[in-house]
Amino acid sequence: MADEAHGGGGLSFHPMDQFQVKPLFGAYGDPIHWYTITNVTFWLALAVLAVLGLMVLTTSKRAVVPGRGQSVAELMYGFVYKMVEDVSGKDGIKYFPYIMTLFMFILCANFLGLLPTSFTTTSHIAVTAVLGFGVFFAVTILGFVKNGAGFLSLFWVASAPLPLRPILALIEIISYFVRPVSHSIRLAGNMMAGHAVLKVFAGFAQVAAIAPVAIIGVMAIYGLEVLVSAIQAYVFTILTCVYLKDALHPHH
């Protein structure tokens, strides 16, 4: 968590070391190629397995009286289904499998990152950018497929006074293309910041004078991180539903 400083008996913290990408096999510092299995790919694979385990294995028997795993899976299913229906409308239900997959993957990746010695894959912009830009391109293509040139009406605020419409259109276009960036950075930034603060508090716990306060701080931050992990999965998913609604019904 923290290393003893050379001389002076103090502590030096390196809270960002936990986000370093390292080869899973071989020595640290070895070159990383596109085919190299790293700690990132390992924990991404675990997140996929966690989703499969929760949503497939626990529901395979489809018991009339569900067990714990099936109850959780059904709760998640109903929660996301209701979200898609409420935000995107009935037309959005056909895209529910994609949105459900996004939610469960982000949720499992976030929670796996809370395990001791684990790696938080959603703290890396490279991972969240793939998710964010994937949503952006999917809804943009869908918008043009469903509405043709009418999709451009998303940027034209017909209810506004005519002189303001070109200005508002420019603002709408800029905000639209900023979506994947904000979508990606919001998730990565929140996960990275929380884990960095958690490691700083854990480092201070080694100082006897403030250890009790630091330990309480670790517990409080950890509890907050559990909440943030769930909230960020929810926020990413509900924004996806909002963008889907714009693609299906672009008229202001």
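Below is a summary of the structure that appears in this document. (Residues numbered from 1 in each chain as written. Predicted model: local features only at pLDDT ≥ 70, side-chain atom pairs only at ≥ 80, totals over all residues. Heavy atoms only, no water.)

Side note on helix 2 (residues 68–88)
Here is step 1: Taking 1.5 Å per residue as the helical rise, helix 2 with its 21 residues ought to reach 30 Å, and the 30 Å between its terminal C-alpha atoms agrees with that figure.
Here is step 2: Listed in full, the buried residues belonging to helix 2 are Gln-70, Ala-73, Met-76, Val-80, Met-83, Val-84 and Ser-88. Taken around the axis of helix 2, the buried residues stretch over an arc of 165°, which confines them to a single face. Projecting away from the buried face of helix 2 at angles above 90 degrees are the exposed residues Arg-68, Leu-75 and Asp-86.
Here is step 3: Buried residues along helix 2 sit against helix 1 (39–57), helix 3 (96–112) and helix 6 (211–248). (Helix = DSSP H or I, 4+ residues; strand = E, 2+ residues; numbered from the N terminus. Expected span 1.5 Å × (residues − 1). Buried < 20%, exposed > 50% of the residue type's maximum accessible area, 1.4 Å probe, protein only. Arc of directions from axis to C-beta. Contact = heavy atoms within 4.5 Å.)

A look at the environment of Thr-101
Here is step 1: Mapped onto the secondary structure, Thr-101 falls in helix 3.
Here is step 2: Look at Thr-101 and you get partly exposed, because its relative accessible area is 49%.
Here is step 3: Sequence separation of Thr-101 and Leu-198 is 97 residues, and the distance between their C-alpha atoms is 28 Å.

Notes on the nonpolar core
Here is step 1: With 44 residues, the main nonpolar core has Val-80, Val-84, Phe-103, Met-104, Ile-106, Tyr-176 and Phe-236 as its most contacted residues.
Here is step 2: Of all the secondary-structure elements, those providing two or more residues to this core are helix 1, helix 2, helix 3, helix 4 (125–147), helix 5 (165–204) and helix 6.
Here is step 3: Aside from chain neighbours lying at most four places away, what touches Val-80 is Phe-96, Ile-99, Met-100 and Phe-103. (Core = buried A, V, L, I, M, F, W, Y, C linked by side-chain atoms within 4.5 Å.)

Describing empty space enclosed by the protein
Here is step 1: On inspection of all chains with the given rule, the structure shows one cavity of 30 Å³ or more.
Here is step 2: Contributing elements (two or more residues each) for the lining of the largest cavity: helix 4 and helix 5.
Here is step 3: For the lining of the largest cavity, a count of residues per class yields four nonpolar, two polar and one charged. (1 Å grid on protein atoms, 1.4 Å probe; cavity = no way out; pocket = protein on both sides within 12 Å on 5 of 7 lines; lining within 4 Å. Points joined across faces, edges and corners; volume = space filled by probe spheres on them. Nonpolar A, V, L, I, M, F, W, Y, C, P; charged D, E, K, R; others polar.)

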